[in-house]
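Given next are the chains, with one letter for each unit.
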Amino acid sequence: AGMTKTEAAKQTLEAINPDVQFEYYHYDITTTENFEHFYSRVQYGGVEANSPVSLVLSCVDNYAARMAVNQACTELDQVWMESGVSEDAVS
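Below you will find a few notes about this structure. Keep in mind that this is a model prediction, so the values were computed, not measured.

Now for the packing of aromatic side chains. Tallying each qualifying case throughout the model produces two aromatic pairs. A centroid spacing of 5.9 Å and a plane angle of 45° characterise the contact between Phe 35 and Tyr 39, whose relative ring orientation is tilted. On the criterion of helical spacing, the pair formed by Phe 35 and Tyr 39 is a turn pair, its members being four residues apart in helix 2 (residues 32-44). Overall, Phe 35 belongs to the buried group, its relative accessible area being 16%.

All right, on to helix 3 (residues 63-75) then. A rise of 1.5 Å per residue sets the reference length of helix 3, with its 13 residues, at 18 Å; its end C-alpha atoms lie 18 Å apart and thus fit the reference within 8%. What helix 3 keeps buried is the set Ala 65, Ala 68, Val 69, Ala 72 and Cys 73. Down the axis of helix 3, the buried side of the element spans an arc of 125°, and every buried residue falls inside it. Turned more than 90 degrees off the buried face of helix 3, the exposed positions are Tyr 63 and Thr 74.

Scanning all chains against the criterion turns up three salt bridges. Arg 41 is the salt-bridge partner of Glu 23, the closest N and O atoms lying 2.4 Å from each other. Of this pair, Glu 23 sits in the loop between helix 1 (5-16) and helix 2 while Arg 41 sits in helix 2; the two residues are 18 residues apart in sequence, bridging distant segments of the chain. What makes Arg 41 partly exposed here is its relative accessible area of 28%. Arg 66 is the salt-bridge partner of Glu 82, the closest N and O atoms lying 3.4 Å from each other. Remark: Arg 66 occurs in helix 3 and Glu 82 occurs in strand 2 (residues 80-82); sequence separation between them is 16 residues.

Mapped onto the fold, Gln 78 is located in the loop between helix 3 and strand 2. Residue Gln 78 is classed as buried on the basis of its relative accessible area of 10%. Residues within four places of Gln 78 in sequence aside, it is in contact with Val 42, Pro 52, Val 53, Ser 54, Leu 55, Val 56 and Cys 73.

Parameters at a glance
Residue positions are given per chain, counting from 1 as you read along its sequence in written order. Whole-chain, interface and lining totals are the exception, using all residues; otherwise, since this is a predicted model, local features are given only for residues with pLDDT of at least 70 and side-chain atom pairs are given and counted only at 80 or more. To get the side-chain values, take all heavy atoms of the structure and skip hydrogens and water. Pairs were defined over the aromatic rings of Phe, Tyr and Trp, the Trp ring being its six-membered one, requiring ring centres within 6.5 Å. Orientation was assigned from the angle between planes: stacked under 30 degrees, edge-to-face over 60, tilted for the rest. Numbering of helices and strands runs from the N terminus, with a helix taken as a DSSP run of H or I at least four residues long and a strand as a DSSP run of E at least two residues long. Buried, partly exposed and exposed residues are distinguished by accessible area as a fraction of the type maximum, computed with a 1.4 Å probe on protein chains only: under 20%, between the cut-offs, and over 50%, respectively. An expected span of 1.5 Å times one less than the residue number is assigned to each helix. When we speak of the arc, we mean the arc of directions from the helix axis to the C-beta atoms. The term salt bridge refers to a side-chain nitrogen of Lys or Arg lying within 4 Å of a carboxyl oxygen of Asp or Glu. We call two residues in contact whenever any of their non-hydrogen atoms come within 4.5 Å of each other.

Here's what the structure looks like:
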C-alpha cells in the first residue's frame, strides 16, 4: 500500500515550502482523546516553545471532523483554512 492522503499532502507541501514545519494527523478528531491532542497541538505546538501554531490547514472529509476543527480553532482564535472534500464530492 502507498502513503495515506495526509502523508502525501505533507510531502507535497514540504517540497513546495521547505522552510515551513508541518505536522499531520491521521486520526478521528471527533473522539475526545484525539480532539484534546489536536487542541493542545494547536494551542502549544508552534515553532517557539508553548506558542500557538501559525495556521491550521484542514483537509478532513466529513462534517463532524470539520466541525471539530472549527470548534478548536474558534475557541483558540486560531486561523485555519479548509481544503477538504465533502463526503459526496459534490459540495
